[in-house]
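Now for the letters of each chain:
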Amino acid sequence: MADERETIVIIGAGIIGVSTAYFTAKKLAEKYPVNQRPRLILLEQCEPGCSASGKSGGFLARHWSDGTDTEKLAQFSYDLHAKLAAELGGADKWGYRAVDTFCAEIDRIPVMPAKQHKSSHFRTEAESVVTSIEVIAPRSRRSSPAATTMEYSLPTTPNEENMQPNSTHASIAVPEIESVKVVEPGTVPWLRTNVLTKLRQVGDTANTAQVDPLKLTRALLAEAKARGLEIVKAKVIDVAETGYRPPLIEFPVDNCARGKATIDEEFKVVGPSSSAPASTSLAGNSPVGTQGGWGKPMTNKPYILQLDQGSDIPADKIVVACGAWVTSCLRWEAFRDVSASQIPIQGLRVHYLLAKPKYDLPAQAVFAEINGTVYSGEDAIEIYPRPDGSVFVCGEALDDPEMPPHNPFEPIYSKRATNRLKQIVNDVSPALSFDIIQYGLACHLPVHAKGIPVISKVPNTRGLYVAAGHGCWGILNGPATGLSVSELLVDDQPTSLDLSNFRLDRWY
C-alpha cells in the first residue's frame, strides 16, 4: 500500500543539507504526532560531510560580513551556533569554542635552501642563505616594479601535474573593521616573533569562534535521525515531474524524404493528451495513485526521484543542497525551467592539511599574510588550532573555479600546492614543525559568481528548493540556512530571516 504521508527529500548531506534535515525533523516532531508525521529523507551518494563540509576550517565570525548582503544571515547563524552548542553539548561533541583571531604580517624567513632539482644551477656561498619563500621561487606577474603579487613555482618533478595558478580567489578575507588593533608579537606565542612585521587582532571571543565541521555535521545528522530522519545512500539520476510530458514533434517522413519539409507546414508540436502511451512503472516501483504521465510510474505525488540504486522515491518537496555539485539539477526534468545563469555555482579547489604540533596551542586563529607574495589579503594562509590538539591549516585556493569530479572521494589535490602549504606553515611557527596527521588533501568550496548563496524556492514549482553556493562561509551560515529552509518546507514561508537577497531569480 502506498504511503500517503507527505514526503520531503533533501539531496546532499553536507552542512547545508544536514542542517536543513535537523531543523525540519525538529519542526515536524513538534507539529505532528508520530503516525501523521511527514516522511523526511536525506539522500547522499557518498558519506555525510565528505566534501567541503568535512574538510574546512570551521571558522565562525559574527561581524565579518557586516555591510554585505549576508550580514543578517551571518549574525543570526553565528548566534544559532552558540545556541546549538549549548543545547546539544557542542563543546564536547564538535569542538565548539570562542577564539581570539589575528592577522599576522610575516616577512620572508632566512633558512637554508631546499634540495635543488638536478637541472638547477649551483649556488655560490653568497647565495646559499635564502628565504623559504625564495626556495619556492617568487615570480612577479607584472612588469611594474610596484607590483606585489607573486607567483610561486617549485622545480618540477617527474609525472607531477603542472598546476600554475592564473588568478587568485577568496577564501576568507580579513575585514577592514574598526575593531582591528595592532598587538604585541608575543600575543600569539607560537608564531616566530622575529619575522612578524605586524600582528593585528581582528576578532575576539565575543565575535569569533570555531567548530570541527565534520563532527558538527555528523552530530546534527544523529540528532535528526533520532527524530525520524531516513538516510538513503544513492545518487539521483533524474527528478521526473508527474503529469509532465515533453512536447513531441510530428515529423512527416514521406515529405522529409522528398526534401519538402518546412517548419511552418510540415512540423507540428504535440503536447500531452489523452492518447499518450500508458504509464509504465520504473524499476523498483509499483503503480500507485493516479497515472503519473507519459513513461512515468503512477503516483499521487508531484515528483519522482530516480536513483542509481534501490527504489525510486515519489516526493512532494525536494531540496537540492549538494554544494559544488548543485548544477547537476539542471539535467533533471523537474528543474527544466532553471537556467545555469540562476545558479552560477562551481567548485573552488582549496588545499589543506591536518597536523599535530609539538605542544598544545591556545584558542587562537591566525591568518598569515606573507609580504610580497600572493599569500595576502583574501589568500592568506589560515591556521586553526583545535581543542583535540590538532591544527587545521588551509590555503592554496589559487585555481580557477571548476566542475568537481562526480565522486567526492576522488583525489583532487596538487602535490605542488600541498608542498607549498607545508613549507610556509613550517616557517611561520616553530611549534608547527609538526608531525603530519593527514597530508595531500583538498576539497571544492561551492562558490557563487555573485559571492552570495542561493536559498530559495524554485519559482512556479509545486515544491522544489535550492540551497547552495555559500563558499567559504558554509559552516558559519549552515545552521541559519537550514532553519530558514525548514520554515519554507513546513510553514511555507521563512520567519527567522528575510531571504529576498538569496532568491533564485534575483539576478536573472
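All figures in this text were calculated on a predicted structure; none of them were measured in a lab. Residue positions within a chain follow its written sequence, with the count starting from 1. Residues qualify for local features only when their pLDDT is at least 70, as the model is predicted, and side-chain atom pairs are given and counted only at 80 or more; totals for whole chains, interfaces and linings, by contrast, use all residues. Note: side-chain values were computed over all heavy atoms of the structure, leaving out hydrogens and water.

**Quick notes on the overall build of the protein**
What counts, and what does not: A helix here means a DSSP run of H or I that spans at least four residues, while a strand means a run of E at least two residues long, and both kinds are numbered starting from the N terminus. Buried means the residue's accessible area, taken with a 1.4 Å probe over protein chains only, is under 20% of the maximum for its type, while exposed means over 50%, and partly exposed covers the values in between. In what follows, a contact means two residues having at least one pair of non-hydrogen atoms within 4.5 Å. Every accessible area reported is derived by Shrake-Rupley at a probe size of 1.4 Å, with residue values counting cover from the shown protein chains alone.
Along the backbone of the protein there are nine helices and 26 strands. Across the 508 residues of the protein, 53% fall into the buried class. Here the analysis covers contacts within the protein between residues at least 6 apart in sequence; of these, 74% occur between residues at least 24 apart. Here the protein has roughly 22,800 Å² of accessible surface; of this, 51% comes from carbon and sulfur atoms.

**Remarks on the side chain of Glu44**
The condition is simple: For the purpose of counting charges, residues Lys and Arg are taken to be positive, whereas Asp and Glu are taken to be negative. His and the chain ends are not included. Only one rule defines a salt bridge in this text: a Lys or Arg side-chain nitrogen within 4 Å of an Asp or Glu carboxyl oxygen. Identification of polar contacts relies on pairs of N or O atoms within 3.5 Å, with a donor-acceptor requirement for protein atoms, meaning one able to donate a hydrogen and the other able to accept it, and with residues adjacent in sequence counted only if both atoms are side-chain atoms.
Here Glu44 lies in strand β2 (residues 39-44). For the buried Glu44, no salt bridge exists, and the shortest N-O distance to an oppositely charged side chain is 8.0 Å, to Lys233. In this structure the side chain of Glu44 is engaged in a polar contact, spanning 2.8 Å, whose partner is the backbone nitrogen of Ala13. Side-chain polar atoms of Glu44 contact the backbone nitrogen of Cys46, separated by 2.9 Å. Apart from residues no more than four positions distant in its own chain, Glu44 is found in contact with Gly12, Ala13, Cys50, Val232, Lys233 and Ala234.

**Here we look at the sheet that holds strand β12 (residues 208-210)**
Strand pairing in a sheet takes place through backbone hydrogen bonds and is either antiparallel or parallel in direction. Our working definition: Here, a strand pair is defined by DSSP locating no fewer than two bridges between the strands.
Spatially, β3-β12-β4 is the arrangement adopted by the three strands of the open sheet, whose pairing is antiparallel. Since the sheet does not close on itself, it has two edges, and those belong to β3 (59-61) and β4 (97-98), each with one partner. In this structure, β4 lies alongside β12, joined through two bridges in antiparallel fashion. Bridge pairing in β12 places Arg97 opposite Gln210.

**Regarding the sheet that holds strand β14 (residues 236-241)**
Defined as follows: A fitted line through C-alpha atoms serves as each axis, taken over the contacting stretch for helices, and the angle formed by two N-to-C directions is quoted from 0 to 180°.
Strand order in the open sheet formed by three strands is β14-β17-β18, with antiparallel pairing between adjacent strands. With one partner strand each, in any of the chains shown, β14 and β18 (313-315) form the two edges of the open sheet. Looking at each pair of strands side by side, their axes are set apart by 25° on average, direction ignored.

**What about the packing of aromatic side chains?**
Rules: Aromatic contacts are taken between Phe, Tyr and Trp rings whose centres are within 6.5 Å, Trp giving its six-membered ring; a plane angle under 30 degrees counts as stacked, one over 60 as edge-to-face, and the others as tilted.
One pass over the structure, following the stated rule, counts 10 aromatic pairs. Geometrically, the ring pair formed by Phe59 and Phe367 is edge-to-face, given 5.4 Å between the ring centres and 75° between the ring planes. On the criterion of sequence distance, the pair formed by Phe59 in strand β3 and Phe367 in strand β21 (residues 364-370) is long-range, its members being 308 residues apart. A relative accessible area of 3% means that Phe59 is categorised as buried. Between Trp64 and Phe367, the aromatic rings sit 5.4 Å apart at their centres with planes inclined by 50°, giving tilted as the arrangement. With Trp64 in the loop between β3 and α2 (71-88) and Phe367 in strand β21, the pair connects residues that are 303 residues apart, well separated along the chain. Across the pair, Phe367 and Trp64 agree in class, each one buried. One aromatic cluster is present, built from ring pairs that chain together Phe59, Trp64, Phe367, Tyr384 and Trp473.

**Thoughts on the pairing of strand β19 (residues 317-320)**
Residues Lys317 and Val319 line one face of β19 and the alternating positions Ile318 and Val320 line the opposite face, and both faces are buried. Where strand β1 (residues 7-11) lies against β19, four bridges are found, and the strand directions are parallel. Looking at β19, one finds that Val9 is bridged to Ile318. Bridge count between β19 and strand β26 (residues 464-468): three bridges; the pairing is parallel. Bridge assignment links Val320 to a residue of β26, and that residue is Val466.

**Considerations on the nonpolar core**
What counts, and what does not: Buried residues of nine kinds, namely Ala, Val, Leu, Ile, Met, Phe, Trp, Tyr and Cys, make up a nonpolar core once their side-chain atoms join them within 4.5 Å.
Counting 70 residues, the largest nonpolar core has Phe59, Leu60 and Trp94 as its most contacted members. In this view, Leu60 contacts Tyr78, His81, Tyr96, Asn207, Thr208, Ala209, Gln210, Val211, Ile475 and Leu476; residues no more than four positions away in its chain are not counted. Counting 31 residues, the second-largest nonpolar core is a separate cluster that includes Ile318, Ala324, Leu464 and Val466.

**Looking at the environment of Tyr244**
Tracing the chain through its elements places Tyr244 in the loop between β14 and β15 (248-250). In the structure, Tyr244 is positioned 59 residues away from Tyr303 in sequence and 9.9 Å away in space, judged by C-alpha atoms.

**As for the confidence of the model for the protein**
The cut-off we apply is this: Each residue carries a pLDDT score, the predictor's confidence in it, ranging from 0 to 100.
Residue-level pLDDT values for the protein average 79, and 71% of them are 70 or greater. Low confidence marks residues 110-170, where pLDDT is under 50. Its contacts with residues over four positions away, or in another chain, come to 109 contacts. Predicted confidence for residues 258-294 stays below pLDDT 50, and this span has 73 contacts to residues more than four positions away or in other chains.

**Re the pattern of salt bridges**
If you walk through the whole model with that rule in mind, you get 17 salt bridges. Between Asp491 and Lys31 there is a salt bridge whose closest N-O contact spans 4.0 Å. With Asp491 in helix α9 (residues 474-491) and Lys31 in helix α1 (residues 15-31), this residue pair connects regions lying 460 residues apart in the sequence. Of the residues examined, Asp491 reaches a relative accessible area of 31% and is grouped as partly exposed. Residues Lys233 and Glu47 are paired through a salt bridge, measuring 3.1 Å at the closest nitrogen-oxygen approach. Placement of the pair is Lys233 in strand β13 (residues 230-233) and Glu47 in the loop between β2 and β3, with a sequence separation of 186 residues. By relative accessible area, Lys233 is classed as partly exposed at 48%.

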